Amino acid sequence: MRVVYLLLLLVFAAAPAHALDGGTLKVGSKRFTESYILGEIVKQSAAPYVQTEHRQGLGNTAIVLAALQAGSIDVYAEYMGTIASEILKHDKPIDLEQMRRELAVLGLGVAVPLGFNNTYALAMRGDEQTIASLGQLAQHPALKFGLSHEFIGRVDGWPGLAARYGLPQRPRGLDHGIAYEALAQRQVDVIDIYSTDAKIRQYGLRVLADTQQYFPRYDAMLLYRLDVPQRFPAAWQALQGLQGRISEGDMIAMNAAVEIDGKSFAGVAREWLASGTQANKPAARSNLLDKIIGDDLWTLTRQHLTLVLLSVALACLIGIPLGVLAAFSAPLRQTVLAFVGVLQTVPSLALLAILIPVLGMIGTVPALVALFVYALLPIVRNTCTGILQVPQGLRMAALALGLNRRDRLLHVDLPLALPVMLAGVKTAAVMSVGTATIAAFIGAGGYGERITIGLALNDNDMLLAGAIPAAVLALLTQGLFELVERWAVAGRQR
């Protein structure tokens, strides 16, 4: 039991201290360019008055909302249309006062209209001259739609749009960050866009007219926990100064500065706050090597190693006894192996989304639980297999020498099964290095943080800057276990 307590203490020690720190204003953002930038603007506006942290790229609305309600973040920029349809589940627009009353029941508030409307729209390539409005799409059933996964599932997204305009097409789910390139390469014919996307002009797209005014207004505002003004009065007063300051042109320019000119989210926000405008001078683009060995490499490596080591340690703590149980209890064997096998099939993002409301937090702890679940199967299976492969004659000899079952397990079964067990732990550790990249979707950091940014910006170098260190760490992990396995085999032969 002392080992269990020690590991639990390590888990919570690995969780960022600010997760339990009421003195830190935690700003969230979703996984697209504009949300990253707005998160930085909010963070930097409050920074002179309170300690701040930007927990960026937390996925879709459901994940960010769960983080807000759980207190893992305090505030983030959201859109009125999204609040009405996705959070409050209305099928029609509602006014601001009704929105505030209904949010108050959830312990949330909405304030500080930032000054621009970023509505949804559908777009096609500029060389497509025969279609100008959404209604005309119904006359072309062969068109290929590539829509973001969130838009496909939203109440105010594809289901309602298809019903309103009678659209017969079946859309393909596509990450928003790569949709423009897919459209340019003619892999799809129609994509969903945000009206402040910088790439609309860059790619020369034709935005289709919403003649039936299906899409509501999506005015950007701050969605926050109701206790924020009391906990951070000076910072909250500073955030009031953002009201009405960001025009649609400003937001398009800031998006362009990141996506086209290659500037950082923090740099763009800092420049806008300093001048109120966005300079058009492109930043010097970093090459792949610069991005790999960037200033955040050590921090991301430490976060990634923490996730892998603790999750595999917890999996060994639980998985080895389960494997022993399965080996010595034939009636339970299939049940145990089937149970851990089913856990392995749960989609990773779905598991993370479920764990956030269950655990009441985002970040390290739910990520560790998810990685622990995926590491169980190879450890349990190899422990069971290794013990079953111990010759029965050796077991009988051990009993004849007076060893009880416990001593036989410790001095005969487990030492002889050790090489097979180590192979299972090695598999779990290498798998965890790769799977840990999903932790960035819920604010747990690691190399996946670079990958999520690369997806948002369609930046292949940034994707590789996250993928290459993860691959190197996986190879190093495998090499280390190979050495341990050789040592175990050599010890067994002696």
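Scroll up for the structure.
S.K.: Explain the overall build of the protein chain to me, and be specific about the residues and the numbers.
M.R.: Across its full length, the protein chain holds 22 helices and ten strands. Expressed as lengths along the three principal axes of its C-alpha atoms, the size of the protein chain is roughly 85 × 55 × 45 Å. Counting only residues that meet the buried cut, the protein chain has 50% of its 494 residues in that class. Sequence-distant contacts in the protein chain: of pairs separated by 6 or more residues, those separated by 24 or more amount to 77%. Carbon and sulfur atoms make up 60% of the accessible area of the protein chain, which totals about 22,300 Å². Between the mean site of the 41 positive side-chain charges and the mean site of the 38 negative ones, the protein chain shows a separation of 9 Å.

S.K.: Give me the environment of Phe-481: which residues, what numbers.
M.R.: Locating Phe-481 in the fold gives a position in helix α22 (residues 460–493). For Phe-481, a relative accessible area of 16% puts it in the buried group. Separated by 419 residues in the primary sequence, Phe-481 and Ala-62 have C-alpha atoms spaced 39 Å apart.

S.K.: Describe helix α17 (residues 348–359), and please don't skip the residues or the numbers.
M.R.: Given a rise of 1.5 Å per residue, twelve residues ought to cover 16 Å, and the 16 Å separating the end C-alpha atoms of α17 matches this to within 8%. For α17, the set of buried residues is Leu-351, Leu-352, Leu-355 and Ile-356. Axial view of α17: buried residues confined to an arc of 140°, hence all on one face. Within α17, the exposed residues directed more than 90 degrees away from the buried face are Ile-354, Pro-357 and Val-358.

S.K.: Residue-level account of the environment of Leu-288, with values.
M.R.: Structurally, Leu-288 can be placed in helix α14 (residues 288–292). Once the C-alpha coordinates of Leu-288 and Asn-460 are considered, the two residues, 172 residues apart in sequence, prove to be 9.0 Å apart. For Leu-288, the residues in contact, after removing those within four places along its chain, are Asp-461, Leu-464, Ala-465 and Ile-468.

S.K.: Could you give an account of the sheet that holds strand β8 (residues 190–194), naming the residues involved and the relevant values?
M.R.: The five strands are arranged β7-β6-β8-β5-β9 in an open sheet whose pairing can be described as mixed. Each edge of the open sheet is held by one strand with a lone partner, namely β7 (172–173) and β9 (206–207). One ladder, built from two bridges, connects strand β6 (residues 145–147) with β7; its direction is parallel. Within β7, the residue paired with Gly-146 across the bridge is Arg-172.

S.K.: So what about the pairing of strand β3 (residues 75–79)? Which residues, and what values?
M.R.: Counting buried positions along β3 gives five out of five residues, so the element sits mostly inside the fold. Along β3, one buried face is formed by Val-75, Ala-77 and Tyr-79 and the opposite face, lined by Tyr-76 and Glu-78, is buried too. The sheet contact formed by β3 and strand β10 (residues 220–225) spans five bridges and is antiparallel. Residue pairing for β10: Ala-77 is matched across the bridge by Leu-222.

S.K.: So what's going on with the side chain of Asp-74? Which residues, and what values?
M.R.: Assignment of secondary structure puts Asp-74 in the loop between α3 (61–70) and β3. According to the relative accessible area criterion, Asp-74 is buried, its value standing at 0%. Among the polar contacts listed, one links the side chain of Asp-74 to the side chain of Arg-231, at a separation of 2.9 Å. Non-local contacts of Asp-74, meaning those with residues more than four positions away in its chain, are made with Thr-24, Leu-25, Lys-26, Leu-68, Leu-223, Tyr-224, Arg-225, Val-228, Arg-231 and Phe-232.

S.K.: Describe unusual backbone geometry, and please don't skip the residues or the numbers.
M.R.: In the Ramachandran plot, Lys-89 falls in the positive-phi region, its phi being about 65° despite a non-glycine side chain. Looking at where Lys-89 falls in the secondary structure, it is placed in the loop between α4 (80–87) and α5 (96–105).

S.K.: I'd like to hear about the pattern of salt bridges, residue by residue, with values.
M.R.: Counted according to the given criterion, the structure contains 17 salt bridges. One salt bridge in this structure joins Arg-450 and Asp-296, with 2.7 Å as the shortest N-O distance. One end of the pair, Arg-450, is in helix α21 (residues 448–457); the other, Asp-296, is in the loop between α14 and α15 (297–328), with 154 residues separating them in the sequence. A relative accessible area of 33% places Asp-296 in the partly exposed class. In this structure, a network of salt bridges that share partners links the residues Asp-74, Arg-225, Asp-227 and Arg-231.

Rules and cut-offs
Residues numbered from 1 in each chain as written. Predicted model: local features only at pLDDT ≥ 70, side-chain atom pairs only at ≥ 80, totals over all residues. Heavy atoms only, no water. Helix = DSSP H or I, 4+ residues; strand = E, 2+ residues; numbered from the N terminus. Buried < 20%, exposed > 50% of the residue type's maximum accessible area, 1.4 Å probe, protein only. Contact = heavy atoms within 4.5 Å. Areas by Shrake-Rupley, 256 points an atom, 1.4 Å probe, with all protein chains shown as cover. Lys, Arg positive; Asp, Glu negative; His and termini not counted. Charge placed at Lys NZ, Arg CZ, Asp CG, Glu CD. Expected span 1.5 Å × (residues − 1). Arc of directions from axis to C-beta. Pairing = 2+ DSSP bridges. Polar contact = N/O pair within 3.5 Å; in protein donor to acceptor, adjacent residues only side chain to side chain. Salt bridge = Lys/Arg side-chain N within 4 Å of Asp/Glu carboxyl O.

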